[in-house]
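Okay, here's what each chain looks like letter by letter:
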2 protein chains.
Amino acid sequence: MPINANFRGIPSAYLFGEVNDRVRRYEAEHPDSKVLKLGVGDVTRPLAPAIIEALHKAVEEQAHAETFRGYGNEFGYDFLREAIAQGEYASIGVDVEASEVFIGDGAKTDMANAQELFTEQATVAVTDPVYPIYVDANALAGRIGTFENDRWNGLTYLDCTVENGFQAPLPKQPVEIIYLCSPNNPMGAVLTREELEEWVAYAKAHGAVILYDVAYRAFIQGDEIPRSIYEIEGADEVAIEFGSFSKTAGFTGLRCSWSVVPKKLVIDGVSLHDGWARRQATKYNGTPYIVQRAAEAVYSPEGREQIEQDIEYYRRNAKLLKEAVQNAGIEAVGGDHSPYIWFRCPGDMSSWEFFDLLLEDAQVVGTPGEGFGPAGAGYFRLSAFNSYEVTLEASKRLAEVFAKLTTREVSLER
Amino acid sequence: MPINANFRGIPSAYLFGEVNDRVRRYEAEHPDSKVLKLGVGDVTRPLAPAIIEALHKAVEEQAHAETFRGYGNEFGYDFLREAIAQGEYASIGVDVEASEVFIGDGAKTDMANAQELFTEQATVAVTDPVYPIYVDANALAGRIGTFENDRWNGLTYLDCTVENGFQAPLPKQPVEIIYLCSPNNPMGAVLTREELEEWVAYAKAHGAVILYDVAYRAFIQGDEIPRSIYEIEGADEVAIEFGSFSKTAGFTGLRCSWSVVPKKLVIDGVSLHDGWARRQATKYNGTPYIVQRAAEAVYSPEGREQIEQDIEYYRRNAKLLKEAVQNAGIEAVGGDHSPYIWFRCPGDMSSWEFFDLLLEDAQVVGTPGEGFGPAGAGYFRLSAFNSYEVTLEASKRLAEVFAKLTTREVSLER
């Protein structure tokens, strides 16, 4: 039979689909309710003026034969690859060549496609909880066995618990592909320099490749926390890094991302840089020209300033939410270097029980932790991506619900 | 070893990369020359006013919180899926539901990804010559064996020759995936209703799936030639169709495409519609909102009229080129329902010999037929995608070169 049966092996709908379904159902039954959505991590601030200006300008170029641009380089225009090499790497003292930067249409796409660089037999480790795409992309490729008892039997799970500070422990058995994300989705935790050094050393010792997701790096504050894995010596021999304009600059509807595949990244004599170049040239036709011009504008002086204001706006929301949770005696992580707050559901409720209760009693939507993996069961994620007004109202409603629910402290421990 | 070695098994660079390299080299050595590019099939007309207007309007929506749009549906916005169902299908009497239409970022991407629906063991047939992406995507997936003596030993080639009117014959051995393209790239030939009926009957009889590429359908004239495979009864049980705004509406730099996966397309009890939906939800995050609004504008009354003018413009170019070839006594196909002209190189030259001669003697760039597969050896493709002025000048230069080269008729036959 010629059909890829892996498409049938994946359980249930994608997490956010289920969240949206439940919300839609509630709204249909309660047409007058005002549901406050802190579930899906989607930005709400409009695009910054510098980006809008760049878009209008690029659209106008496309209106005239003299300035019209058709097919671009599949890897992206040099102006943007250069801007990223400078703005994301040289700016933090990291040496990345423009030719090592590949422009994509989203970190989700790039990270789902990166597994194509490996054989079907390659062994994979993910954190648990985890951004579901890392797992699902490997499941579709038939790389991680079958799904039984809430886990894929061919996948190595690295449990993130309160004991290890919600940081993934090194794998107990050798693995060849490791997905890491810092600042982390969904837990909002960050990898310190020392922790990242351990991961790079592990990868070197075991011939593993780290797929490193920095979609939330714009939320990192101060100079202690690494913004790129390439801040660690030797990481360019073991890691591919994935960045995105979605959460940094509000590109969730505009779609632009980048991946860095260092030329030094050679495994078993095969250059992953050349492999990725071949993959992209064969299966991608480049990010829209006008979108690449928009992304370039993120690095202009005005762009930078406007983007930073938006990040500050979401940071203030995160602070509000974290306080609402903590003031109710519920321990929480995240929110400092991340737009996400992570805590244990009060009253020993399951994630979906708490999701439903919050929706019913407070008309607030969050994301059930178990949607990110079994180690997320009993936990909950709140997102700072909404307007200040909505977040303020949500934090008040949360306080009321918590007041009814919690009579004692809720630690992060299960 | 964990690395996908298929990336190393693919011979040479992608065709258009090699073309571009030779042109760049020539231009570097002859900085004063004016090279006329009829090689890569890239449009040159600017985007139509209706599209530009839609883009500016959508960009402005993204500038204000009240109208800002973040993540969209991975399958595309309903407004565009509906516009395509109406504008491309209902308009020709074909019943396609909006929910069967998936919006993508390019037919190249969609067609390269579609093979993921099948197992690694599924058998594949392509025409020869062929758009190289169909082959390379399957090569990267390890589905078509190894490359030896100019062909993949696990791939079925359907030779398109003058004897069969450059139309692929039915496969001699059973295959499970068949790539077809009409109007055809590179040969410019079209499948008639009768021929398409044979293909659908073949697919039904053998449980095969046809991946049908209609990227050039806007060039079809009159009512005889099918514009969609779904004009054939029962095709919705055996075919996926791929369309694009690139050649129709000048979107090569803007990036928008669609695929139709009918709900009736069920193979071995597996719904390919559900499989593709799962694939796209997992590995894609949707086409930019502003680009989808631009694509929607293609179906407005003004949009339609402007687009048709652009197509007419390129048709006039195609006519000029075909005449230049035919007037020199060289038989040619294509150009009528297609922007491409296909002919045999005069003087029994190889494709690359003729490519180099044309570049050296006339500073005209075409595409060597053998770049599309071994059956294309000795043939050449000219593209109508350039300005009228460039095409006129190129046709004069071609006439001069041909006059020097051909002392007798050149038939399409080898």
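Residues numbered from 1 in each chain as written. Chains lettered and ligands numbered in written order. Predicted model: local features only at pLDDT ≥ 70, side-chain atom pairs only at ≥ 80, totals over all residues. Heavy atoms only, no water.

An unreviewed UniProt entry lists chain A under the name LL-diaminopimelate aminotransferase, from Leucobacter denitrificans. As its UniProt record puts it under Pathway (unreviewed entry), chain A is described as follows: "Amino-acid biosynthesis; L-lysine biosynthesis via DAP pathway; LL-2,6-diaminopimelate from (S)-tetrahydrodipicolinate (aminotransferase route): step 1/1." Per UniProt, the comment on chain A under Catalytic activity (unreviewed entry) is "(2S,6S)-2,6-diaminopimelate + 2-oxoglutarate = (S)-2,3,4,5-tetrahydrodipicolinate + L-glutamate + H2O + H(+)". (UniProt positions renumbered as here; feature names shortened; annotations may be inferred.)

Enquirer: I'm lost on the packing of aromatic side chains in this one. Help?
Expert: A ring pair, where both rings are aromatic, is described by two values, the distance of the centres and the angle of the planes. A full pass over the atoms with the stated rule returns 52 aromatic pairs over all chains. Ring plane angle 55° and centroid distance 6.3 Å describe the contact between Y89 of chain A and Y230 of chain A, whose orientation is recorded as tilted. Remark: Y230 of chain A occurs in the loop between β8 (209-213) and β9 (239-244) and Y89 of chain A occurs in helix α4 (residues 78-89); sequence separation between them is 141 residues. In terms of burial, Y89 of chain A and Y230 of chain A fall into one category: buried. Here the aromatic residues Y216, F219, Y313, Y314, Y340 and F385 of chain A are joined through ring pairs into a cluster of three or more. In this structure, R81 of chain B is placed above the aromatic ring of F102 of chain B, and the distance from its NZ or CZ to the ring centre is 5.6 Å. The positively charged end of R217 of chain B is found above the aromatic ring belonging to Y89 of chain B, 5.8 Å away from the centroid. (Phe/Tyr/Trp six-rings, centres within 6.5 Å; stacked < 30°, edge-to-face > 60°. Helix = DSSP H or I, 4+ residues; strand = E, 2+ residues; numbered from the N terminus. Buried < 20%, exposed > 50% of the residue type's maximum accessible area, 1.4 Å probe, protein only. Lys NZ or Arg CZ within 6 Å of the ring centre and 35° of its normal.)

Enquirer: Hey, could you run me through the environment of G222 of chain B in this one?
Expert: The topology assignment puts G222 of chain B in the loop between β8 (209-213) and β9 (239-244). With 164 residues separating them along the chain, G222 of chain B and A58 of chain B place their C-alpha atoms 35 Å apart.

Enquirer: I keep staring at the domain arrangement of chain A and nothing clicks. Help me out?
Expert: Interfaces are frequently sized by the accessible area removed from exposure as the parts join. Residues and elements named next belong to chain A. Assigned domains of chain A: these are domain 1 (6-47 + 302-402) and domain 2 (49-301). Opposite the 36 residues of domain 1 that make contact, domain 2 presents 49 residues. For domain 1, the biggest contributors to the area lost against domain 2 are L47, H337 and F372; these three give 21% of the whole. For the pair domain 1 and domain 2, the interface holds zero salt bridges. (Domains from an automatic or database assignment. Contact = heavy atoms within 4.5 Å. Buried area = accessible area lost by both parts, 1.4 Å probe. Salt bridge = Lys/Arg side-chain N within 4 Å of Asp/Glu carboxyl O.)

Enquirer: What is the right way to read a negative patch on the surface from this model?
Expert: Residues and elements named next belong to chain A. Taken together, the side chains of E194, E197, E198, D223 and E224 present a region of like negative charge at the surface. Its location among the elements puts E194 in helix α7 (residues 193-206). A relative accessible area of 51% places E194 in the exposed class. (Patch = residues over 30% accessible without salt bridge, like charges linked within 9 Å, V, L, I, M, F, W, Y side chains within 5 Å. Areas by Shrake-Rupley, 256 points an atom, 1.4 Å probe, with all protein chains shown as cover. Lys, Arg positive; Asp, Glu negative; His and termini not counted. Charge placed at Lys NZ, Arg CZ, Asp CG, Glu CD.)

Enquirer: What is the right way to look at the environment of N327 of chain B in this model?
Expert: Relative to the helices and strands, N327 of chain B resides in helix α11 (residues 301-327). Distance in space between the C-alpha atoms of N327 of chain B and F402 of chain B is 9.3 Å, their sequence separation being 75 residues.

Enquirer: Is there a simple way to think about the relation of the copies chain A and chain B in this case?
Expert: Put simply, the second copy of the chain is the first one after a rotation about an axis and a shift along it. With an RMSD of 0.0 Å, the operation that places chain A on chain B is a rotation of 180° combined with a shift of 0.0 Å along the axis. The superposition operator between the copies reduces to a two-fold rotation axis. Considering only C-alpha atoms, the part of chain A nearest the rotation axis is H56 of chain A, at 3.1 Å. Take the interface residues of chain A: 100% of them recur as interface residues in chain B, which is what a same-surface contact looks like. (Least-squares fit on C-alpha atoms with pLDDT ≥ 70 in both.)

Enquirer: For this particular structure, what's the right way to read empty space enclosed by the protein?
Expert: It is the rolling of a water-molecule-sized probe over the atoms that shows where space remains empty. Applying the stated criterion to the full structure yields nine cavities of 30 Å³ or more. Quantified by volume, the largest cavity comes out at close to 150 Å³. Every residue lining the largest cavity is counted, 17 residues in all, and those nearest its centre are T109 and N113 of chain A together with T109, N113 and Y284 of chain B. When residues of the lining of the largest cavity are traced back to their parent elements, those giving at least two are α5 (107-114) and α9 (272-283) of chain A together with α5 (107-114) and α9 (272-283) of chain B. Considered class by class, the residues forming the lining of the largest cavity number two nonpolar, seven polar and eight charged. (1 Å grid on protein atoms, 1.4 Å probe; cavity = no way out; pocket = protein on both sides within 12 Å on 5 of 7 lines; lining within 4 Å. Points joined across faces, edges and corners; volume = space filled by probe spheres on them. Nonpolar A, V, L, I, M, F, W, Y, C, P; charged D, E, K, R; others polar.)

Enquirer: For this particular structure, what's the right way to read the side chain of N285 of chain A?
Expert: With respect to the secondary-structure elements, N285 of chain A resides in the loop between α9 and α10 (289-297). Not counting residues within four places of it along the chain, the set of residues in contact with N285 of chain A comprises Y71 and E74 of chain A together with K108, T109 and R255 of chain B.

Enquirer: Any chance you could explain helix α3 (residues 49-61) of chain A here in plain terms?
Expert: Three or four residues apart is the spacing at which side chains of an α-helix point the same way, because the helix has 3.6 residues per turn. Here α3 of chain A spans 18 Å end to end across 13 residues, near enough to the 18 Å set by a 1.5 Å rise per residue. Here the buried face of α3 of chain A lies against α8 (246-249), α10 and α11 (301-327) of chain A together with α3 (49-61) and α10 (289-297) of chain B. (Expected span 1.5 Å × (residues − 1).)

Enquirer: Can you walk me through the pairing of strand β3 (residues 124-128) of chain B in this structure?
Expert: Looking along a regular strand, one sees the side chains alternate between the two faces of the sheet. All names here are of chain B. A large share of β3 lies buried, amounting to five of its five residues. Burial along β3 is two-sided: the face carrying V124, V126 and D128 and the face carrying A125 and T127 are both buried. Inspection of the sheet shows β3 paired to strand β7 (residues 177-181) by two bridges, in the parallel sense. Each bridged residue has a counterpart across the sheet, and for V124 the counterpart in β7 is I177. Relative to strand β6 (residues 156-159), β3 runs parallel, the two being bridged by four bridges. Residue pairing across strands places A125 opposite T156, the latter belonging to β6. (Pairing = 2+ DSSP bridges.)

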